[in-house]
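Structure assessment
So you can see what is in the structure, the chains are spelled out below.
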Amino acid sequence: MDELEKTARALVAEGKGILAADESTGTIKKRLDSIGVESTEETRRAYRDLLFTTDGVEEFISGVILFDETIRQSGAEGTPFPKLLDTKGIIPGIKVDLGAKPLALAPGETITEGLDGLRVRFEEYRGLGARFAKWRGTYSIAADRPSEYCVWTNAHALARYAALCQEAGLVPIVEPEVLMDGTHTLAESAKATGRVLQALYTELHDQRVDFRGTLLKPNMVLSGYEAANRAGVDEVADATLDVLYRHVPAAVPGIVFLSGGQTDEDATAHLNAMNRRGPHPWQLSFSYGRALQAPALKAWVGKPENVEAAQRAFYHRAKLNGAARTGMYAPEMEREAVPA
Ligand code: 13P
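Now for a quick tour of the structure.

How each quantity is defined
- Residues numbered from 1 in each chain as written.
- Predicted model: local features only at pLDDT ≥ 70, side-chain atom pairs only at ≥ 80, totals over all residues.
- Heavy atoms only, no water.
- Helix = DSSP H or I, 4+ residues; strand = E, 2+ residues; numbered from the N terminus.
- Buried < 20%, exposed > 50% of the residue type's maximum accessible area, 1.4 Å probe, protein only.
- Areas by Shrake-Rupley, 256 points an atom, 1.4 Å probe, with all protein chains shown as cover.
- Lys, Arg positive; Asp, Glu negative; His and termini not counted.
- Charge placed at Lys NZ, Arg CZ, Asp CG, Glu CD.
- 1 Å grid on protein atoms, 1.4 Å probe; cavity = no way out; pocket = protein on both sides within 12 Å on 5 of 7 lines; lining within 4 Å.
- Points joined across faces, edges and corners; volume = space filled by probe spheres on them.
- Nonpolar A, V, L, I, M, F, W, Y, C, P; charged D, E, K, R; others polar.
- Pairing = 2+ DSSP bridges.
- Contact = heavy atoms within 4.5 Å.
- Axes fitted to C-alpha atoms, helices over the stretch in contact; angles between N-to-C directions.
- Parallel < 35°, antiparallel > 145°, perpendicular 65-115°, else oblique.
- Left-handed = near helix turned anticlockwise from the far one by under 90°.
- Phe/Tyr/Trp six-rings, centres within 6.5 Å; stacked < 30°, edge-to-face > 60°.
- Near = heavy atom within 4 Å.
- Polar contact = N/O pair within 3.5 Å; in protein donor to acceptor, adjacent residues only side chain to side chain.
- Sits in = over half its atoms within 2 Å of the grid points.
- Core = buried A, V, L, I, M, F, W, Y, C linked by side-chain atoms within 4.5 Å.

1. Some details on the overall build of the chain
- Across its full length, the chain carries 12 helices and 10 strands.
- Its C-alpha atoms give the chain principal-axis dimensions of about 50 × 45 × 40 Å.
- Expressed as a percentage of its 340 residues, the buried residues of the chain come to 57%.
- Carbon and sulfur atoms make up 51% of the accessible area of the chain, which totals about 14200 Å².
- In the chain, the 39 positive side-chain charges and the 47 negative ones have mean positions that sit 1 Å from each other.

Here you go:
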């Protein structure tokens, strides 16, 4: 447990957070399609290589979540990605869930699959260099959703994963994501998020998971993306903290938010506002996918001559989120020249 707690704490070290680069083959195809690049094993490798070899990004990035294909791939010089990251002082992690599938007899709801054979897969991933893992459950908000059935089956699966993960000597990141699509209010988002977290911590406790060797990756509490009169930065920070204080044990070393389709600037501003209200019982950090990668993806568009510009854009985004870890971000920093 000491080792797990040490790893968990290193992942939320001051000024640092996690890069989620664990898009499944289907999701990364969507990202590459958006910049007109065909998704092949090589373009996926080249894109991840660009991110991982960005000079100095280890100042702000403590760990990277990899996908099954990526953990087996190598940088341009032939160094396997986990080794390449480790050499920079970045901790390699692995997404182990097999995706959210329709939940039987619950139209519109999902259950995350991937528990069968997971003990054996953990052994292999540990051998490949992974020191932490991630499992994501998803929930949507509507009149009768999320149902208790969806909340508790996903909590049970998340806890089964987390127990196996700790048994294998890896830190489980538990990711219950309440999706923010829809017209729901901030209060409805808070209520759903609270129910999901309460069930999750009940199951984690009952299944003997030691909170000290875990990290939580939740959504922030936002108004629905299609809602009228959406809440501003301060309201989001207050509502999110209120739910976390009610439902997340202080023994959890860190909370690493997902960005969940927020703009990169919103994701940074929200994290910053929460940290300005600190100190808190847990470190409040980031584990962003889209909100860290969007500017780099746009700058790259698949062209080797744009790799440097894309790396500068990624470095800058990571730096701003690093500043938000201590409440030192200001929107003016968005316009800082990205140094050549
Ligand atoms: P986003 O930050 O793009 O939501 O991705 C984080 C993630 O890992 C989702 O599972």
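2. Looking at empty space enclosed by the protein
- Considering all chains together, one arrives at one cavity of 30 Å³ or more under this definition.
- Reported here for the largest cavity is a volume of approximately 50 Å³.
- The wall of the largest cavity is formed by Glu177, Val178, Met180, Asn219, Met220, Leu222, Tyr225, Leu258, Ser259, Gly260 and Gln262.
- Class assignment for the residues of the lining of the largest cavity results in six nonpolar, four polar and one charged.

3. Side note on the sheet that holds strand β10 (residues 283–288)
- Reading around the circumference, β1-β2-β3-β6-β7-β8-β9-β10 is the order of the eight strands in this closed barrel, with parallel pairing throughout.
- The pairing of strand β1 (residues 17–20) with β10 spans two bridges and is parallel. Within β10, the position partnered with Leu19 by the bridge is Tyr288.
- Running at roughly 140 degrees to strand β9 (residues 254–257), helix α9 (residues 233–247) makes contact with β8 (215–216), β9 and β10 of the sheet.
- Its contacts with the sheet put helix α10 (residues 264–276) on β9 and β10, and the angle it makes with β10 is roughly 170 degrees.

4. Some points on the layout of surface pockets
- By volume, the largest pocket amounts to about 730 Å³.
- Taken together, 31 residues form the lining of the largest pocket, with Thr27, Arg31, Arg136, Glu177 and Arg290 sitting closest to its centre.
- Across the lining of the largest pocket, the residue classes tally to nine nonpolar, nine polar and 13 charged.

5. Some thoughts on the environment of Ala76
- Within the secondary structure, Ala76 is located in the loop between α4 (68–71) and α5 (81–87).
- If near-sequence neighbours (up to four positions away) are discounted, Ala76 is found in contact with Arg45 and Asp49.

6. Details of the packing of helix α6 (residues 118–127) against helix α7 (residues 148–167)
- At their nearest, the axes of α6 and α7 sit 10 Å apart, and the two run at 45 degrees to each other. The angle between α6 and α7 falls in the class oblique. The element α6 and its partner α7 pack so that their crossing is right-handed. Here α6 contributes Leu118, Arg119 and Phe122 to the contact with α7, which in turn contributes Tyr161, Leu164, Cys165 and Glu167.

7. Topic: the environment of Gly127
- When you line up the elements, Gly127 lands in helix α6.
- What makes Gly127 exposed here is its relative accessible area of 67%.

8. A look at the packing of aromatic side chains
- One pass over the full model with this rule turns up eight aromatic pairs.
- On the numbers, 5.4 Å between centres and 90 degrees between planes, the contact of Tyr201 with Phe211 is edge-to-face. Here Tyr201, found in helix α8 (residues 186–206), pairs with Phe211, found in the loop between α8 and β8; they are 10 residues apart in sequence, far enough to count as distant. Comparing Tyr201 with Phe211 shows no difference in burial state: the two are buried.
- Taken together, the ring pairs connect Phe122, Trp135 and Tyr161 into an aromatic cluster.

9. With respect to the site of the ligand
- Close contacts around the ligand come from 13 residues, with Lys134, Lys217, Ser259, Gly260 and Arg290 the closest.
- Side-chain polar atom of Glu175 to an oxygen atom of the ligand: 3.0 Å apart, as the coordinates give it.
- Between the ligand and the protein, one listed contact pairs an oxygen atom with a side-chain N or O atom of Ser259 at 2.4 Å.
- About the coverage of the ligand: the protein hides 91% of its 300 Å² of free accessible area.
- Counting atoms within 2 Å of the grid points, the majority share of the ligand lands in the largest pocket.
- Looking at the shell around the ligand, its residues break down into three nonpolar, four polar and six charged.

10. Re the nonpolar core
- With 96 residues, the main nonpolar core has Phe52 and Tyr161 as its most contacted residues.
- Per-element tally for this core: the top contributor is α7, with 10 residues.

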